[in-house]
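Reading the structure
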Amino acid sequence: MRKLITKSLELFSYLVIFFLVIGAGMSGAAQGGIGGFFLGIFGGVIMSIVIFGALFILMDIADNTRRTVELLEQQRRG
């Protein structure tokens, strides 16, 4: 169940990142044409990294911690 929730959060994050970047590009295009589109895409990528970077780091830390515990339990068993 925990794996399903983690994978769902990861999928949801990817979808939000995609729509954030596309929305920023469209917003930039409305303001400044093709140059604004590319600047909007660039800004959307930067915003996505800032917003979701911490989330992905926390998910990786949790996954690494879980694998470390499993490895230590295997070593303890023999």
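Residues numbered from 1 in each chain as written. Predicted model: local features only at pLDDT ≥ 70, side-chain atom pairs only at ≥ 80, totals over all residues. Heavy atoms only, no water.

**Details of the overall build of the chain**
Let me state the cut-off plainly: Numbering of helices and strands starts at the N terminus; helices are DSSP runs of H or I of at least 4 residues and strands are runs of E of at least 2. For the radius of gyration, the atom set is restricted to C-alpha positions; the globular benchmark scales as 2.2 Å times the number of residues to the power 0.38. Think of it in three bands: residues with accessible area under 20% of the maximum for their type are buried, residues over 50% are exposed, and the middle band is partly exposed, with areas taken using a 1.4 Å probe on protein chains only. Two residues qualify as a contact provided that any one of their heavy atoms is within 4.5 Å of a heavy atom in the partner residue. Only the protein chains shown count as cover for residues, with accessible areas throughout obtained via the Shrake-Rupley method and a probe of 1.4 Å. Asp and Glu count as negative and Lys and Arg as positive, but His and the ends of the chain are not part of the count. Here the site of a charge means NZ on Lys, CZ on Arg, CG on Asp, or CD on Glu.
Counting its secondary structure elements, the chain contains 1 helix and 0 strands. The C-alpha radius of gyration of the chain comes to 19 Å, more than 25% above the 12 Å expected for a compact globule of 78 residues. Based on the C-alpha atoms only, the size of the chain along its principal axes is roughly 65 × 20 × 15 Å. Counting over 78 residues, the chain shows a buried share of 15%. Excluding contacts between residues fewer than 6 apart, the proportion of contacts in the chain whose partners are at least 24 apart in sequence is 58%. Of the roughly 6200 Å² that the chain leaves accessible, carbon and sulfur atoms contribute 72%. Computed over 7 positive and 5 negative side-chain charges, the inter-centroid distance for the chain is 5 Å.

**Digging into the pattern of salt bridges**
To keep things clear, this is the line we draw: The rule for a salt bridge is simple: a side-chain nitrogen of Lys or Arg has to be within 4 Å of a carboxyl oxygen of Asp or Glu.
Within this structure, the stated rule accounts for 4 salt bridges. Arg 67 is paired through a salt bridge with Asp 63; the nearest N and O atoms lie 3.5 Å apart. Residue Arg 67 and its partner Asp 63 are located together in helix α1 (residues 2-77), separated by 4 residues, close to a single helical turn. Residue class for Arg 67 comes out partly exposed when judged on its relative accessible area of 48%. Each of Asp 63, Arg 66 and Arg 67 takes part in salt bridges that share partners, so that together they form one network.

Interpretation note: all reported values are geometric properties and have no functional meaning in isolation.
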